[in-house]
Amino acid sequence: MMRLVTTLKSERGSAAVEMALVLPMTMALIFGSMEAGNYMLTQHKVIKGVRDGARYAARLPFSSYDCETETVASSAEEQIIAVTRSGQPDGSGMVRVRDWDADDVSVSLTCANTSTGIYREVGAAPRVLVATRVRYPSVLGSLGFDTDGAVVRAQAHAAVMGL
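Calculation criteria
- Residues numbered from 1 in each chain as written.
- Predicted model: local features only at pLDDT ≥ 70, side-chain atom pairs only at ≥ 80, totals over all residues.
- Heavy atoms only, no water.
- Core = buried A, V, L, I, M, F, W, Y, C linked by side-chain atoms within 4.5 Å.
- Buried < 20%, exposed > 50% of the residue type's maximum accessible area, 1.4 Å probe, protein only.
- Helix = DSSP H or I, 4+ residues; strand = E, 2+ residues; numbered from the N terminus.
- Contact = heavy atoms within 4.5 Å.
- Phe/Tyr/Trp six-rings, centres within 6.5 Å; stacked < 30°, edge-to-face > 60°.
- Salt bridge = Lys/Arg side-chain N within 4 Å of Asp/Glu carboxyl O.

### Observations concerning the nonpolar core
Counting 25 residues, the largest nonpolar core has Val-46, Tyr-65, Val-72, Ile-80, Val-128 and Val-130 as its most contacted members. Contributing elements (two or more residues each) for this core: helix 2 (14-58), helix 3 (74-86), strand 3 (105-113), strand 4 (124-135) and strand 5 (151-159). With five residues, helix 2 is the largest single contributor of residues to this core. Val-128 has contacts with Ala-57, Tyr-65, Val-107, Ser-108, Leu-109, Ala-156, His-157, Ala-158 and Val-160, leaving out every residue within four places of it along the chain.

Below is the structure:
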């Protein structure tokens, strides 16, 4: 009987039990922090790319835009998409986010009639919208978790200055 009482008071396995209870929460915090940081970095890259693309589009000449049909010249659109994805108009730079395809970026044009300011000779004020929807390259996705629906979206407007 005395031996049973001393066995119940033993603390030899308590560290292992505590570790077994705390380990899942610790791993969730570690991987959750890594995933949150990676998501914020990816979002920053996508937003920066879209802003760069819109800024580049704003500096293209007015001849790259047709306000009657509200279309962008195909060569200008290709350059805008390349700047958005890689930072280079010819697309020679490294793509900012893995698996970011040119099909994920859209460039659209809207025009407002005006007779003042820098648009008085052109007759319409072209405004470019660069938008994207990128599949998020998840850290947990590489560990086998289902993250297929995770995306990062961004868009930016810029008034064409025709520099």
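### What about unusual backbone geometry?
Even without a glycine there, the phi angle at Glu-70 is positive, about 50°. One can find Glu-70 in the loop between strand 1 (65-66) and strand 2 (71-72). Its relative accessible area of 37% is what places Glu-70 among the partly exposed residues. A positive phi angle, near 65°, is found at Asp-99, a position not held by glycine. Structurally, Asp-99 can be placed in the loop between helix 3 and strand 3. Residue classification places Asp-99 among the partly exposed positions, given a relative accessible area of 42%.

### Examining the packing of aromatic side chains
Summed over all chains, the structure comprises one aromatic pair. For the pair Tyr-39 and Tyr-136, a centre-to-centre distance of 5.1 Å together with 70° between the ring planes defines the contact as edge-to-face. Taken together, the positions of Tyr-39 in helix 2 and Tyr-136 in the loop between strand 4 and strand 5 put the pair 97 residues apart, joining distant regions of the chain. In this structure Tyr-136 comes out as buried when scored by relative accessible area, which is 3%.

### Remarks on the pattern of salt bridges
Throughout the structure, instances matching the rule amount to four salt bridges. Among the salt bridges present, the one from Asp-52 reaches Lys-48, with a minimum N-O distance of 3.3 Å. Of this pair, Asp-52 and Lys-48 both sit in helix 2, four residues apart, which is roughly one turn of that helix. Taking the shortest distance from any N to any O, the salt bridge between Asp-99 and Arg-135 comes out at 3.4 Å. Of this pair, Asp-99 sits in the loop between helix 3 and strand 3 while Arg-135 is found in strand 4, placing the two residues 36 residues apart along the sequence. Overall, the relative accessible area of 39% leaves Arg-135 in the partly exposed class.

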